[in-house]
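Breakdown of the fold
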Amino acid sequence: MQMNRLKSPILIIAYKEICDSSRNRWLTFMGSIFLLLSLSVSFAGSAVTGSLYLPELDSLMSSLSTISVFIIPLAAILLCYDSFVGEEEAGTLLLLLSYPLTRSQIIFGKLLGHITVMLTATGVAFGLTAALLLLVGEQYDGGELVAAFMQFVLSSNLLALTFILLSYIVSLKCTEKAKAIGCLLLLWFLFVLIYDLLLLTLLVSDFSFANQFLINILIAMSPTDLYRAINLVAIEGEGATGSLAMIATTDWGLSAMYGLFLLWITSLTFISHRIFKRKPL
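This text gives an overview of the structure that appears in the document.

Cut-offs applied
Residues numbered from 1 in each chain as written. Predicted model: local features only at pLDDT ≥ 70, side-chain atom pairs only at ≥ 80, totals over all residues. Heavy atoms only, no water. Core = buried A, V, L, I, M, F, W, Y, C linked by side-chain atoms within 4.5 Å. Buried < 20%, exposed > 50% of the residue type's maximum accessible area, 1.4 Å probe, protein only. Contact = heavy atoms within 4.5 Å. Helix = DSSP H or I, 4+ residues; strand = E, 2+ residues; numbered from the N terminus. Expected span 1.5 Å × (residues − 1). Arc of directions from axis to C-beta. Polar contact = N/O pair within 3.5 Å; in protein donor to acceptor, adjacent residues only side chain to side chain. Phe/Tyr/Trp six-rings, centres within 6.5 Å; stacked < 30°, edge-to-face > 60°. Lys NZ or Arg CZ within 6 Å of the ring centre and 35° of its normal.

**Regarding the nonpolar core**
When a protein is soluble and globular, its nonpolar side chains tend to lie buried together. Residues Phe 34, Met 61, Met 118 and Phe 149 are the most contacted members of the largest nonpolar core, which totals 78 residues. Excluding its chain neighbours within four sequence positions, the residues that come into contact with Met 61 are Ala 148, Phe 149, Phe 152 and Ile 235.

**Points about helix 1 (residues 9-23)**
Taking 1.5 Å of rise per residue, the 15 residues of helix 1 would be expected to cover 21 Å, and the 21 Å separating its terminal C-alpha atoms lies within 8% of that figure. Looking only at helix 1, the buried set comprises Ile 13, Ala 14, Glu 17 and Ser 21. In an axial view of helix 1, the angular spread of the buried residues amounts to 100°, which keeps them on one side of the axis. Of the surrounding elements, those touching the buried residues of helix 1 are helix 2 (26-44), helix 3 (57-80), helix 4 (85-90) and helix 6 (103-136). For helix 1, the N-terminal cap is Ser 8; the gap from its side-chain oxygen to the backbone nitrogen of Ile 10 is 3.3 Å. Downstream of helix 1 by a residue or two, Arg 25 has a phi angle that is positive, lying close to 65°.

**With respect to the packing of aromatic side chains**
Ring pairs (aromatic) are described by centroid distance and by the angle formed between their planes. Scanning all chains against the criterion turns up 7 aromatic pairs. With centroids separated by 4.9 Å and ring planes inclined at 75°, the aromatic side chains of Phe 126 and Phe 152 adopt a geometry described as edge-to-face. Taken together, the residues span a long stretch of sequence, with Phe 126 in helix 6 and Phe 152 in helix 7 (residues 142-173) at a distance of 26 residues. Taken individually, Phe 126 and Phe 152 each receive the classification buried, so the pair is uniform in this respect. By the ring-pair criterion, three or more aromatic residues cluster together here, those being Phe 34, Phe 126, Phe 152 and Tyr 227. A cation sits over an aromatic face here: Arg 103 above Phe 276, 5.3 Å from the ring centre. Over the ring of Phe 84 we find Lys 110, and its NZ or CZ is 5.5 Å from the ring centre.

Put into structure tokens, the structure is as follows:
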């Protein structure tokens, strides 16, 4: 009955994706993972030093972004890898296209549903962490804490949206779910581990060609490093050490880096829509 009240086909498809994620416990599971991650970093991260204490806000946000850059892209991939190839294998995609729906409505409906799921999981998890820190962390300024976590949730969901769109592209190009998840895990490995490691190696090496302009271009070419840079620049790099602190020295401002993220998202949306529009079924 609730679905019948929705007039827009995009909203109907988005509602269906949200219901699917809730029904198969994906939303609960990933929300719990994000919550456990943020609570562990916030309240137990200092255990490695032999004592327990709440970290400074800049160190906390730096640690959260360093760990989340691995988890959030993987969560987006697991959510969306079978968005099209899975429905094509089951025959439901052909059935969906038999209804008076355009391919644009289908892809934007899925996109709205999936980003809503990610926003709910991250927003609730990191929001609860911020609330607990406000209750027990007397050293934190309430306004700064809330602003830092809001910025963190925003950048995290932009990263998730980027990998959701990458998952759509792979899902549309592959003919089997096993191939799709394999290709996406390879992309995750290349972006999160290999490219990131090469960039950090370049930053700590004394190469004459490694000027700030080149570093800015290399950061812009990877959504994961763009995510790192945004969160490090937001705290002015105070909580970063070693090569991560060098990423925070980029001369781009937050507005420019958010603009680059939107450019990534716009380009991937165009590519995925074009592939879907030309895909024969």
